[in-house]
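Each chain, letter by letter, is given below.
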Amino acid sequence: MRVAIASDHAAYALKAALIPWLVAGGHAVDDLGTHGPDSVDYPDFGAALAAAIAEGSAERGIALCGSGIGISIAVNRHPAARCARVDDPLSAALARQHNDANVIALGARLIGEEMARACITAFLATPFEGGRHQHRVDKLGKQGIIA
């Protein structure tokens with residue numbers, strides 16, 4: 001699977017630790033930055049990740065910042081992105097199963113590397129259930145107010 005990954009400075013170390021693990025797991029990884037610990041703006045990296053998903057250059061995305069909140073908001077500004085901020089494997093699996101999430105966001109200051117790996121494993125392995133969830137997911141891709 002082709003996975004895009006992006007972080008701000010607060011999650012740079014976590015991103016750097018996850019990339020070799022993803023590659024060893026057989027995934028093609030596009031590192032969208034940041035590429036160092038210097039302060040950067042998470043919206044720039046969230047936008048780059050959302051664009052990769054929208055363009056189809058990545059099948060799934062992993063967004064990282066200090067809390068996971070800011071970058072998830074940035075990713076979700078794009079109607080093609082469905083980013084879920086998760087803290088555990090169950091929420092990661094449910095984000096895929098029920099919401100067809102194509103990006104997960106993790107907070108580097110809130111979870112460790114082991115839990116991040118568990119969340120990513122669940123996220124990448126879980127298929128979308130479709131069925132009763134499909135029409136709801138279809139609404140998420142529409143711009144403007146959802147009725």
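Keep in mind the model is a prediction, meaning the values are calculated, not measured.

(A) Main features of the nonpolar core. Ile-5, Leu-18, Ile-62, Leu-64, Val-86, Leu-106 and Ile-120 are the most contacted members of the largest nonpolar core, which has 24 residues in total. Those elements giving two or more residues to this core turn out to be strand S1 (2-7), helix H1 (12-24), strand S3 (60-65), helix H4 (89-99), strand S5 (103-107) and helix H5 (113-125). With six residues, the single largest contributor to this core is H5. Judged by nonpolar contacts, the second largest core, of 16 residues, contains Phe-45, Ala-52, Ala-63 and Ala-81.

(B) A look at the state of the cysteines. A full pass over the atoms with the stated rule returns zero disulfides. With no disulfide partner, Cys-65 has as its closest neighbouring cysteine sulfur the one in Cys-83, 9.3 Å distant. The thiol sulfur of Cys-119 is not disulfide-bonded, and the nearest other cysteine sulfur, from Cys-83, lies at 13 Å. By relative accessible area, which is 0% here, Cys-119 ends up buried.

(C) Spotlight on the pattern of salt bridges. Under the definition given, this model contains six salt bridges. When the shortest N-O distance is used, the salt bridge between Arg-82 and Asp-100 registers 3.2 Å. Linking Arg-82 in the loop between helix H3 (69-75) and strand S4 (83-85) with Asp-100 in the loop between H4 and S5, this pair joins segments that are 18 residues apart in sequence. Here Asp-100 falls in the buried class, since its relative accessible area comes to 17%.

(D) Local environment of the sheet that holds S5. Reading across from one edge, S2-S1-S3-S5-S4 is the order of the five strands in this open sheet, with parallel pairing throughout. Looking along the sheet, the strands with just one partner apiece sit at the ends: strand S2 (28-31) and S4. Across the sheet, the mean angle from the axis of one strand to that of its neighbour is 20°, orientation sign disregarded. Bridge analysis of S1 against S3 gives five bridges, and the strand direction is parallel.

(E) Fine view of the packing of H4 against H5. Two elements in contact, H4 and H5, have axes whose closest approach is 8 Å; the angle formed by their N-to-C orientations is 25°. Relative to H5, H4 is oriented roughly parallel. Handedness of the H4/H5 crossing: right-handed. Along its contact with H4, which presents Pro-89, Ala-92, Ala-93 and Arg-96, the element H5 presents Met-115, Ala-118, Cys-119, Ala-122 and Phe-123.

About the cut-offs
Residues numbered from 1 in each chain as written. Predicted model: local features only at pLDDT ≥ 70, side-chain atom pairs only at ≥ 80, totals over all residues. Heavy atoms only, no water. Core = buried A, V, L, I, M, F, W, Y, C linked by side-chain atoms within 4.5 Å. Buried < 20%, exposed > 50% of the residue type's maximum accessible area, 1.4 Å probe, protein only. Helix = DSSP H or I, 4+ residues; strand = E, 2+ residues; numbered from the N terminus. Disulfide = S-S within 2.5 Å. Salt bridge = Lys/Arg side-chain N within 4 Å of Asp/Glu carboxyl O. Pairing = 2+ DSSP bridges. Axes fitted to C-alpha atoms, helices over the stretch in contact; angles between N-to-C directions. Parallel < 35°, antiparallel > 145°, perpendicular 65-115°, else oblique. Left-handed = near helix turned anticlockwise from the far one by under 90°. Contact = heavy atoms within 4.5 Å.

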